[in-house]
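Descriptive analysis of the structure
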Amino acid sequence: MAKGQALLLHYYPACPEPELTMGTSKHSDPDFLTILLQDQIGGLQILHQHRWIDVPPLPGALVVNIGDLLQLLSNERFKSIEHRVVAKSVGPRVSVACFFTPNHYPSRIIKGPLKELLSEDNPPVFRETSVQELIAYYYEKGLDGNSALTHFKLPK
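As a starting point, this report considers the structure included with it.

Rules of the game
- Residues numbered from 1 in each chain as written.
- Predicted model: local features only at pLDDT ≥ 70, side-chain atom pairs only at ≥ 80, totals over all residues.
- Heavy atoms only, no water.
- Helix = DSSP H or I, 4+ residues; strand = E, 2+ residues; numbered from the N terminus.
- Rg over C-alpha atoms; globule rule 2.2 N^0.38 Å.
- Areas by Shrake-Rupley, 256 points an atom, 1.4 Å probe, with all protein chains shown as cover.
- Lys, Arg positive; Asp, Glu negative; His and termini not counted.
- Charge placed at Lys NZ, Arg CZ, Asp CG, Glu CD.
- Polar contact = N/O pair within 3.5 Å; in protein donor to acceptor, adjacent residues only side chain to side chain.
- Contact = heavy atoms within 4.5 Å.
- Buried < 20%, exposed > 50% of the residue type's maximum accessible area, 1.4 Å probe, protein only.
- Pairing = 2+ DSSP bridges.
- Axes fitted to C-alpha atoms, helices over the stretch in contact; angles between N-to-C directions.
- Core = buried A, V, L, I, M, F, W, Y, C linked by side-chain atoms within 4.5 Å.

Some thoughts on the overall build of the chain
For the chain, the count of helices and strands is two helices and 10 strands. By the compact-globule yardstick of 15 Å for 156 residues, the chain fits well, its C-alpha radius of gyration being 17 Å. For the C-alpha atoms alone, the extent of the chain along its principal axes is close to 55 × 35 × 30 Å. Accessible surface computed for the chain: about 9500 Å², of which carbon and sulfur atoms make up 59%. Of note, the chain has its 15 positive side-chain charges centred 2 Å away from the centre of its 16 negative side-chain charges.

Here we look at the side chain of Ser 95
For Ser 95, the location among the structural elements is in strand β8 (residues 93-100). There is a polar contact of 3.4 Å between the side chain of Ser 95 and the side chain of Arg 93. Ignoring sequence-local partners within four residues, the contact set of Ser 95 consists of Leu 8, Leu 9, His 10, Leu 36, Leu 37 and Gln 38.

Some words on the environment of Ser 25
Note that Ser 25 resides in strand β2 (residues 22-27). On the accessibility criterion, Ser 25 (29% relative accessible area) is partly exposed. The spatial distance from the C-alpha of Ser 25 to the C-alpha of His 83 is 7.9 Å, given a sequence separation of 58 residues. In this structure, Ser 25 is in contact with His 83, Arg 84 and Leu 143, ignoring residues within four places of it in sequence. A polar side-chain atom of Ser 25 sits 3.5 Å from the main-chain carbonyl oxygen of Leu 143.

Overview of the environment of Ala 6
Mapping Ala 6 onto the fold places it in strand β1 (residues 5-12). Separated by 41 residues in sequence, Ala 6 and Leu 47 have C-alpha atoms that sit 24 Å apart.

Looking at the sheet that holds strand β3 (residues 33-38)
Hydrogen bonds between backbone groups are what pair the strands of a sheet, and the pairing can be parallel or antiparallel. Within the open sheet, the four strands sit side by side as β1-β8-β3-β6. Their pairing is antiparallel. Each end of this open sheet is capped by a strand with a single partner; those strands are β1 and β6 (63-66). Strand-to-strand twist across the sheet, computed as the mean angle between neighbouring axes with direction ignored, equals 20°. As paired strands, β1 and β8 are joined by eight bridges and run antiparallel to one another. Looking at the pairing, Tyr 12 lines up with Arg 93 of β8.

Here we look at unusual backbone geometry
In the segment running from Gly 91 into Pro 92, the intervening peptide bond is cis, with an omega of 15°. Position of Pro 92 among the secondary structure elements: in the loop between β7 (83-86) and β8. Despite not being glycine, Gln 49 shows a phi value in the positive range, around 50°. Structurally, Gln 49 can be placed in the loop between β4 (44-48) and β5 (51-54).

A short note on the nonpolar core
By size, the foremost hydrophobic cluster in this structure holds nine residues: Leu 69, Leu 72, Leu 73, Phe 126, Val 131, Leu 134, Ile 135, Leu 149 and Phe 152. Elements with a minimum of two residues in this core: α1 (68-73) and α2 (131-141). Listed in part, the eight residues of the second largest apolar core include Leu 36, Leu 44, Val 55 and Val 85.

In C-alpha cells form, the structure reads like this:
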C-alpha cells in the first residue's frame, strides 16, 4: 500500500432483525477521497436533501466519496458526503474501501482553503489546521452523526 492510502475490508453478517440494527452510523469520511467497491447486497445510503437514499450496487462499479479534507481545501466547492450502512437480513455484505489521505505522514503542515479559490466574494469558510488535527478531532468526537468540519468553520 502506498503512503497516503488505507484499505479497509468491511464484513456485515446477515441480520435477523435489521430494523433494530445499524450497520454504520451517519458520518462523512475525514480523508481526501474514498473509493468503495460494494457487493450485490447493498446497504450503503447517502444523505441527500435530508433524506436517506440507497446507493444501489452495480457490478464492477466503484463509488467515489468526497471527504472532509477535500471539502476544506476546496472551501466547500466540493462537499463531503454524509453516508451510513444499514443492516440487511440477507448477506453477508462485503465491501472494500480505499481511503486517500495524508494522515499517516508525520508532517504538521498547515492546510486551509486553497488561496487560488478565495476572493472577496468567496472568503475562507474554514480556519487553517493540520491534517493531523483534523483527523485527531474526527476520532476524538467519534461517529456522533455530526461533521468534524463544523469544529474548523470560521464565524460568519
